[in-house]
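Chains, contacts and geometry: an overview
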Amino acid sequence: MTQPNKRNTIIWRRDDMTPAAFHAHWSGPHADIARELPDLVWYIQNHVIRPLASSPGINSTCDGIAEIAYGVSAGILDKIEGWDRVAELRADEARFLSNRLGCWSVRQEDSQAPSLRRVVAHVSEAEDVAVETALARIGQVVACHGERTVGRIDTPDAAEEKGEVPGWFLFAELPLGAGAADLLAPEGPILEPLALSGGGFAAYLTYTEAKRVPMDA
């Protein structure tokens, strides 16, 4: 099995921060630190504009989903722990996050820089074939890809993370301009396949910032 090298992290802002302050801090001061992580090749911030749809009982409130991938997988946790800015990174996380849930996967080698607007979803307790069918249907109208998670990898701060690790993350790229709104209808070509996947899901409309992609590394 290919070793995981990407972490998709669902994040929640501190209660005493406004959404504007949260997004500004994550996009600016925090990104300036995180983009220097050792062996980093992929750092995408998906800032949640609003939830789009969710299954009953699924927590659909979050403020962002971060994607961080490394050029190597072997020994990456040791490299992070030995990084000279790791304490600074964690201190800064406490300034704007109330909780996070990190889930490891394998980055697709042909991943391209994302669009400025996306639908990002996480799916739990669904058969892989059902999620793959949903991706195929979504892929008929927009570029999309899915990543199967491999659970949570223990880190010194993992005990602070609470929540069920989703089985999949899905990313659908939206076109800019007229027509994008029609894609977001509850019975439209993106949300309906997710709802029919048979698992619990939550989907969000995001604006997306590529802080580092392979050509920048």
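Structure shown above.
This is a predicted model, so every value here is computed, not measured. Residue numbers restart at each chain and count upward from 1, following the sequence in its written direction. Restriction of local features to residues with pLDDT of at least 70 applies here, the model being predicted, together with a cutoff of 80 or more for giving and counting side-chain atom pairs; totals for whole chains, interfaces and linings are based on all residues. To get the side-chain values, all heavy atoms of the structure are used, and hydrogens and water are removed first.

**Re the overall build of the protein**
Which entries qualify depends on this criterion: The secondary structure listing takes helices from DSSP runs of H or I that are at least 4 residues long and strands from runs of E that are at least 2 residues long, numbered from the N terminus. A simple rule labels every residue: compare its accessible area, found with a 1.4 Å probe on the protein chains alone, to the largest value its type can have, and call it buried under 20%, exposed over 50%, or partly exposed in between. Whether two residues are in contact is decided by their heavy atoms, any of which lying within 4.5 Å being enough. Accessible areas in this description were obtained via Shrake-Rupley with a 1.4 Å probe; residue shielding takes into account the shown protein chains only.
Check the secondary structure of the protein and you find six helices and eight strands. Seen in sequence order, the protein has helices and strands lined up from the N terminus as β-α-β-β-α-α-β-β-α-β-β-α-α-β. Counting all 217 residues of the protein, 53% fall into the buried class. In the protein, of all internal contacts separated by at least 6 residues, the share reaching a separation of at least 24 is 83%. By element, 52% of the accessible surface of the protein is carried by carbon and sulfur atoms, the whole surface being about 10100 Å².

**Re the sheet that holds strand β8 (residues 200-212)**
Using the following cut-off: We treat two strands as partners when DSSP finds at least two bridges between them. Between the N-to-C directions of two axes lies an angle of 0 to 180 degrees, each axis being a line fitted to C-alpha atoms and, for a helix, fitted only over the stretch in contact.
Strand order in the open sheet formed by eight strands is β4-β1-β3-β2-β8-β5-β7-β6, and the pairing between neighbours is antiparallel. With partners counted over all chains shown, the strands left at the sheet margins are β4 (97-105) and β6 (144-148), one partner each. Strand after strand, the sheet turns through a mean of 25° between neighbouring axes, direction not considered. Helix α1 (residues 19-34) rests against β1 (6-13), β2 (40-54), β3 (64-70), β4 and β8 of the sheet, and its axis sits at about 165° to β2. Sitting on the sheet, helix α3 (residues 86-96) is in contact with β1 and β4, with an inclination near 125° to β4.

**Description of unusual backbone geometry**
Backbone geometry places aspartate 39, a non-glycine residue, at a positive phi of 65°. Residue position: aspartate 39 is located in the loop between α1 and β2. Phi is positive for glutamate 125, which is not a glycine, with a value near 55°. Structurally, glutamate 125 is set in the loop between β5 (117-124) and α4 (128-138).

**Considerations on the packing of aromatic side chains**
Selection criterion: Two aromatic rings, drawn from Phe, Tyr or Trp (for Trp, its six-membered ring), form a pair once their centres lie within 6.5 Å of each other, and the interplanar angle then sorts them: stacked below 30 degrees, edge-to-face above 60, tilted otherwise.
Inspection of every chain in the model, using the stated rule, returns three aromatic pairs. Between the aromatic rings of phenylalanine 22 and tryptophan 26, the centroid separation amounts to 5.9 Å while the plane-to-plane angle is 40°, which identifies the pairing as tilted. Placement of both phenylalanine 22 and tryptophan 26 in helix α1 is noted, with a separation of four residues, approximately one turn of the helix. What makes phenylalanine 22 buried here is its relative accessible area of 0%. Through a chain of ring-to-ring contacts, three or more aromatic side chains come together here, namely Phe22, Trp26 and Phe96.

**Focus on α4**
Along an α-helix, residues three or four apart share an orientation, since each turn contains 3.6 residues. Note the following rule: What the arc covers is the set of directions going from the helix axis to the C-beta atoms.
Within α4, the full set of buried residues consists of Val131, Ala134, Leu135 and Ile138. The buried residues of α4 occupy one face: seen down the axis, they fall within an arc of 100°. Those residues of α4 hidden inside the fold are in contact with β5, β6, β7 (168-173) and α6 (191-195).

**Description of the pattern of salt bridges**
Rules: One speaks of a salt bridge when a side-chain nitrogen belonging to Lys or Arg is within 4 Å of a carboxyl oxygen belonging to Asp or Glu.
All told, the structure shown has 13 salt bridges when counted by the stated rule. A salt bridge links glutamate 88 to arginine 85; the nearest nitrogen and oxygen atoms lie 2.9 Å apart. Take glutamate 88: its relative accessible area is 38%, and that puts it in the partly exposed class. Glutamate 209 is paired through a salt bridge with lysine 211; the nearest N and O atoms lie 3.1 Å apart.

**A look at the pairing of β4**
Of all nine residues making up β4, eight are buried, and the element is well covered by its neighbours. Pairing of β1 with β4 involves eight bridges; the strand directions are antiparallel. Bridge assignment links threonine 9 to a residue of β4, and that residue is glycine 102.

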